[in-house]
2 protein chains.
Amino acid sequence: MSKDDQIAFESALFMRAAAVETELRRILDARPLTGEIARPERLMAAMRHGVLNGGKRLRPFLVMESAALFSADNDATLRVAAALECVHCYSLIHDDLPAMDDDDLRRGQPTVHKAFDEATAILAGDALLTLAFDIIADEATALPAERRVALVLALSRAAGAGGMVGGQMLDLEAERNRPDEAGIITLQAMKTGALIRFACEAGAIVAGAPPADRERLAEFGSAIGLAFQLADDLLDLTADAKQMGKATNKDAAAGKATLAALHGPDWARGQLHGLIDQAHALLEPYGEEAELLKEAATFVATRNS
Amino acid sequence: MSKDDQIAFESALFMRAAAVETELRRILDARPLTGEIARPERLMAAMRHGVLNGGKRLRPFLVMESAALFSADNDATLRVAAALECVHCYSLIHDDLPAMDDDDLRRGQPTVHKAFDEATAILAGDALLTLAFDIIADEATALPAERRVALVLALSRAAGAGGMVGGQMLDLEAERNRPDEAGIITLQAMKTGALIRFACEAGAIVAGAPPADRERLAEFGSAIGLAFQLADDLLDLTADAKQMGKATNKDAAAGKATLAALHGPDWARGQLHGLIDQAHALLEPYGEEAELLKEAATFVATRNS
């Protein structure tokens, strides 16, 4: 993409991130809601630590831009975007635990179990996952009940045993029983792909768009989910730790196979170009309106951190 | 309760437990559903280990008997009961982790992190929590979308930072900063009370009962939630390990204050009688139909294991 396009995209990404950060802060600072008894301060602090961390908020961006294609309600979209980010952040908190990836740093800050303790990190993750469904189901997400329940269902499928959590399980097993190419593709479609696919699909659900549009956006999400993971693997293969702000070459060190490692960086770059083309083609019907989403696809595939 | 009543109640409890066990097994044995990519076998095995453990299924029983008061749809009720049991079992799996209560045994069997490993136990818990919302939101739970979304909301409030998970956080902190009586009451209302309250309320939601009935059942749930915890504390104070099938006096050993320990066993028994009376009074409007629920209150307050 051109330098100007890139600046326009990154400024849009930054603005959407600020909006979702404000919404997340509001939700996590709220007093106990109807049906809640009290919100233990240490738990809420750990949840805030895991969520309000200056992330790029790529998934919320995808929700918001997909929703914009269909002129969905802004407030409802923002809440669904915030809910999805809660799920993403919970998964990072649990992934970082000593029993899992055992990471001390995330975005240059101590991980939740380092800043607090392991038990608090487990509970903060649990509470964030639960909160995501609370946010969507709440009447404050001013959507017909049919759409709220469709969002709950799609998110639970994307995040559960047949999606993200299942992918994390396959990833842990991959250190022992090195999966073949098909196995790696399944693993990645689940571990990182499912939630990105949901992000793009969610905008169409919020808007009550026809099933064909919902499916098209979901396919777009799958394409950039693949690109996201491939770009990540490529970075892990080629970048240094300073660029990434986290340890690199961890995959190879852990004996984890990636498609980029299997076929080499040149193959990976070729695949990435193909995925960008595919993603852009899926958005053709939406014309100009889809410009930022197209740039998101390029960004995801070509990012260097 | 009379010997005959007790036998009738325990046989009803056993029959409901068998029904929910069958439903849980069916759900956990299902092939990947729409929107799922694959279900990793090791993860599913860990989930089954944590769920299909021959528990008493008290919470599902409360859902089913509450629903029966309002002639709710049986299949939908069973699914909601199964979803709630998934949440209960996820909480046990995470509570048992080394970083939390560090328990090796549950109902005489190795805990999930012992039978599998810690990472798998964390993920199995995460997946069960997610699955609970999937089960409720799915169209197979043949209820109007309004009721499904109301169930998602009530469950997420009962299970999240302002309910069960928050209570677990307070419980961990209680070892350090011994809470006063008000603090203990809040802790227990959250840790064990919130989910039992939801169990009783859920039946009314499934049936689409009027708000006044929903509130009455929720209050009944709060009363027996308190009784449940008080009976547990009393057992911890007075029973031996053989009776309980797990380590006893752990609360005192961990320096955790309980109301039973604070005021003594006689006071606790007096309170339990008061709570049974209160619970029974709340069910008066439902006459004969509420007989098993009344007996559930007595059972919860007087159980010796």
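Below or above, wherever it landed, is the structure these notes cover. Nothing here was measured: the structure is a model prediction, and the numbers come from that model.

Calculation notes
- Residues numbered from 1 in each chain as written.
- Chains lettered and ligands numbered in written order.
- Predicted model: local features only at pLDDT ≥ 70, side-chain atom pairs only at ≥ 80, totals over all residues.
- Heavy atoms only, no water.
- Contact = heavy atoms within 4.5 Å.
- Buried area = accessible area lost by both parts, 1.4 Å probe.
- Salt bridge = Lys/Arg side-chain N within 4 Å of Asp/Glu carboxyl O.
- Polar contact = N/O pair within 3.5 Å; in protein donor to acceptor, adjacent residues only side chain to side chain.
- Helix = DSSP H or I, 4+ residues; strand = E, 2+ residues; numbered from the N terminus.
- Nonpolar A, V, L, I, M, F, W, Y, C, P; charged D, E, K, R; others polar.
- Core = buried A, V, L, I, M, F, W, Y, C linked by side-chain atoms within 4.5 Å.
- Buried < 20%, exposed > 50% of the residue type's maximum accessible area, 1.4 Å probe, protein only.
- Least-squares fit on C-alpha atoms with pLDDT ≥ 70 in both.
- Phe/Tyr/Trp six-rings, centres within 6.5 Å; stacked < 30°, edge-to-face > 60°.
- Lys NZ or Arg CZ within 6 Å of the ring centre and 35° of its normal.
- Expected span 1.5 Å × (residues − 1).
- Patch = residues over 30% accessible without salt bridge, like charges linked within 9 Å, V, L, I, M, F, W, Y side chains within 5 Å.
- Areas by Shrake-Rupley, 256 points an atom, 1.4 Å probe, with all protein chains shown as cover.
- Lys, Arg positive; Asp, Glu negative; His and termini not counted.
- Charge placed at Lys NZ, Arg CZ, Asp CG, Glu CD.

### Considering the interface of chain B and chain A
In many analyses, interface size is given as the accessible surface area lost on bringing the parts together. With 53 residues of chain B at the interface, the matching set in chain A holds 53 residues. With both sides pooled, the region where chain B packs onto chain A buries about 4500 Å², and carbon together with sulfur makes up 74% of that total. Run the count over chain B and chain A and you get 4 salt bridges. R157 of chain B serves as the salt-bridge partner of D138 of chain A, at 2.7 Å between the closest nitrogen and oxygen. The interface formed by chain B and chain A includes 10 residue pairs in polar contact (both at pLDDT 80 or more). Secondary structure elements with two or more residues in the side of chain B that touches chain A: α2 (41-51), α4 (74-95), α6 (118-137), α7 (145-159), α8 (164-174) and α9 (181-207) of chain B. Element by element, the count of residues in the side of chain B that touches chain A is highest for α6 of chain B, at 12 residues. Looking at side-chain class alone, the side of chain B that touches chain A contains 30 nonpolar, 11 polar and 12 charged residues.

### Focus: the nonpolar core
Of all hydrophobic cores here, the largest spans 212 residues; its most connected members are M47 and F220 of chain A together with M47 and F220 of chain B. Aside from chain neighbours lying at most four places away, what touches M47 of chain B is A161 of chain A together with L28, A124, A127, L128 and L131 of chain B.

### Some words on the pattern of salt bridges
Here the structure, examined in full by the defined rule, presents 33 salt bridges over all chains. R26 of chain A is the salt-bridge partner of E23 of chain A, the closest N and O atoms lying 2.9 Å from each other. With E23 of chain A and R26 of chain A both in helix α1 (residues 3-29), this residue pair falls 3 residues apart, about one helical turn. Judged by its relative accessible area of 10%, E23 of chain A falls in the buried class. Relative accessible area serves as the criterion here: at 46%, R26 of chain A is assigned to the partly exposed category. For R57 of chain B, the salt bridge identified is with E85 of chain B, shortest N-O distance 2.9 Å. Remark: E85 of chain B occurs in helix α4 and R57 of chain B occurs in the loop between α2 and α3 (58-69); sequence separation between them is 28 residues. Ionic contacts of the salt-bridge type, sharing partners, join the residues E21, R57 and E85 of chain A into one network.

### As for the relation of the copies chain B and chain A
Expressed as a screw operation, the relation of chain B to chain A combines 0.0 Å of axial shift with a rotation of 180°, fitting to an RMSD of 0.0 Å. When the rotation and shift are considered jointly, the pair of chain copies conforms to a two-fold rotation axis. Comparing contact sets, 100% of the residues at the interface of chain B also lie at the interface in chain A, consistent with an isologous, same-surface contact.

### Digging into the packing of aromatic side chains
What the rule picks out here adds up to 7 aromatic pairs over all chains. Arranged with centres 4.5 Å apart and planes meeting at 20°, the rings of F133 of chain A and F133 of chain B form a pair that is stacked. One end of the pair, F133 of chain A, is in helix α6 (residues 118-137); the other, F133 of chain B, is in helix α6, on a second chain. Of the two residues, F133 of chain A and F133 of chain B, both sit in the buried class. Judged by centre distance (5.0 Å) and plane angle (45°), the rings of F9 of chain B and F299 of chain B are tilted. Taken together, the residues F9 of chain B in helix α1 (residues 3-29) and F299 of chain B in helix α15 (residues 291-302) connect sequence positions 290 residues apart. The exposure classification of F9 of chain B matches that of F299 of chain B, with both residues buried. Through successive ring pairs, a cluster of aromatic residues spans F9, F61 and F299 of chain A. Against the face of F228 of chain B rests R59 of chain B, its NZ or CZ located 5.5 Å from the ring centre. Above the face of the F228 of chain B ring, R303 of chain B is positioned so that its terminal group lies 4.2 Å from the ring centre.

### Topic: helix α9 (residues 181-207) of chain A
Residues lying three or four places apart along an α-helix face the same way, a consequence of the helix completing one turn every 3.6 residues. Residue and element names in this part refer to chain A. Here α9 spans 37 Å end to end across 27 residues, near enough to the 39 Å set by a 1.5 Å rise per residue. Of all 27 residues in α9, 19 are buried, a share of seventy percent or more. Once α9 finishes, G208 follows within two positions and takes phi at roughly 65°, a positive value.

### A closer look at a negative patch on the surface
Residue and element names in this part refer to chain A. Taken together, the side chains of D4, D5, E288, E289 and E291 define an acidic patch exposed on the protein surface. Relative to the assigned elements, E289 resides in the loop between α14 (265-282) and α15 (291-302). Overall, the relative accessible area of 56% leaves E289 in the exposed class.

### Some thoughts on the environment of G162 of chain B
Here G162 of chain B lies in the loop between α7 and α8. A relative accessible area of 0% means that G162 of chain B is categorised as buried. Between the alpha carbons of G162 of chain B and A45 of chain B there is a distance of 31 Å; along the sequence they are 117 residues apart. Non-local contacts of G162 of chain B, meaning those with residues more than four positions away in its chain, are made with E36, I37 and A38 of chain A together with R157 and M190 of chain B.

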